[in-house]
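Listed below, chain by chain, are the residues.
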Amino acid sequence: QFGPRLRASQSAADTVLVTNSAVWDLLEPIDNDKSDADFGKHIQGLELYLKMLVERYPNVTVYWTLPTAIQVHVLGEGCYKDIRCIDRTRYMSTSLIQRLYDKQRELTTKLNVTVIDVFEATYVSARWLMDGDGRHYNRWFNSFLQDWYYRRMEKNFFFE
């Protein structure tokens, strides 16, 4: 949706594309043929994606947002009574999100992609999650983090 405006950008110094992917990859079932428990396919796809963005938009700076912490203990009691919720949260774990974080951090360092790293901030911010949800932080907390990072810079931000 931002493609034409990003291609028209004149300078990477003032235009930033912010993108990410983590939670959906974390929650994908790991007990089937398409299993990617070590996130190898995810990292391979991420590398292709980041290289494509840099190539397609040479006058744009790409920022990758690293994963946020997962807070399994925040899941509401109702989740354990609903099979859809059980299925969606079955693979939520601190160790898996840490592994995904480490792998994304390693790749973005290798590719020299700027990162937004809020993992530690979210790790200690379980109280700011949406009620009964161990993955999604509430609007106030997201706004707080965005203000912290983006309003201090004079750039044009595009969020994918």
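As a starting point, this report considers the structure included with it. Remember, predicted model here, so these are calculated numbers, not experimental data.

1. What to know about the overall build of the protein
Here is step 1: In terms of regular secondary structure, the protein is built from seven helices and four strands.
Here is step 2: Written out in order from the N terminus, the α and β elements of the protein read α-β-α-α-β-α-α-β-α-α-β.
Here is step 3: Across the 160 residues in the protein, those meeting the buried criterion constitute 40%.
Here is step 4: Across the protein, the fraction of contacts at a sequence separation of at least 24, relative to all contacts at a separation of at least 6, is 75%.
Here is step 5: About 9900 Å² of surface is accessible on the protein, with carbon and sulfur atoms providing 50% of the total.

2. Describing the pattern of salt bridges
Here is step 1: Scanning the entire structure with this criterion turns up three salt bridges.
Here is step 2: Across the pair D38 and K103 runs a salt bridge, and its minimum N-O distance is 3.5 Å. In this pair, D38 is assigned in the loop between α2 (23–27) and α3 (40–56) and K103 in helix α5 (residues 94–110), connecting sequence segments 65 residues apart.
Here is step 3: Classification of K103 by relative accessible area gives partly exposed; the value is 25%.
Here is step 4: One connected set of salt bridges, linked through shared partners, spans E47, K51 and K110.

3. Looking at unusual backbone geometry
Here is step 1: The phi angle at F39 is positive, at roughly 65°, despite the residue not being glycine.
Here is step 2: Note that F39 resides in the loop between α2 and α3.
Here is step 3: One non-glycine residue, N112, lies in positive phi territory at about 60°.
Here is step 4: Summarising the element assignment, N112 is placed in the loop between α5 and β3 (114–116).

4. Side note on α3
Here is step 1: Compared with the 24 Å implied by 1.5 Å per residue over 17 residues, the 24 Å span of α3 between its first and last C-alpha is a close match.
Here is step 2: Taken residue by residue, α3 has H42, I43, L46, E47, L50 and L53 as its buried positions. Down the axis of α3, the buried side of the element spans an arc of 135°, and every buried residue falls inside it. Set apart from the buried face of α3 by more than 90 degrees, the exposed residues are Q44, L48 and E55.

5. Here we look at the side chain of E47
Here is step 1: Position of E47 relative to the elements: it lies in helix α3.
Here is step 2: Judged by relative accessible area, which is 17%, E47 ranks as buried.
Here is step 3: The contact partners of E47, leaving out residues within four places of it in the chain, are L107, K110 and L111.

6. Here's the deal with the pairing of strand β1 (residues 15–19)
Here is step 1: Most of β1 sits out of view: five of its five residues are buried.
Here is step 2: Residues T15, L17 and T19 point to one face of β1 and V16 and V18 to the other, with burial holding for every one of them.
Here is step 3: Looking at chain direction, β1 and strand β2 (residues 61–65) are connected through four bridges and run parallel. Directly across from V16, in β2, lies its bridge partner T61.

7. Observations concerning the packing of aromatic side chains
Here is step 1: Tallied over the full model, the rule gives seven aromatic pairs.
Here is step 2: Connected via pairs of aromatic rings, a cluster forms that spans W128, Y137, W140, F141 and F144.

8. Some thoughts on the environment of A8
Here is step 1: As for its placement among the helices and strands, A8 is situated in the loop between α1 (3–7) and β1.
Here is step 2: A C-alpha to C-alpha distance of 8.3 Å links A8 and N59, two positions 51 residues apart in sequence.

9. Quick look at the pairing of β2
Regular strands place side chains that alternate from one sheet face to the opposite one.
Here is step 1: In terms of residue burial, β2 counts as a mostly covered element, since four of its five residues are buried.
Here is step 2: The pairing of β2 with β3 spans three bridges and is classified as parallel. Bridge assignment links T65 to a residue of β3, and that residue is I116.

Thresholds, definitions, all that
Residues numbered from 1 in each chain as written. Predicted model: local features only at pLDDT ≥ 70, side-chain atom pairs only at ≥ 80, totals over all residues. Heavy atoms only, no water. Helix = DSSP H or I, 4+ residues; strand = E, 2+ residues; numbered from the N terminus. Buried < 20%, exposed > 50% of the residue type's maximum accessible area, 1.4 Å probe, protein only. Contact = heavy atoms within 4.5 Å. Areas by Shrake-Rupley, 256 points an atom, 1.4 Å probe, with all protein chains shown as cover. Salt bridge = Lys/Arg side-chain N within 4 Å of Asp/Glu carboxyl O. Expected span 1.5 Å × (residues − 1). Arc of directions from axis to C-beta. Pairing = 2+ DSSP bridges. Phe/Tyr/Trp six-rings, centres within 6.5 Å; stacked < 30°, edge-to-face > 60°.

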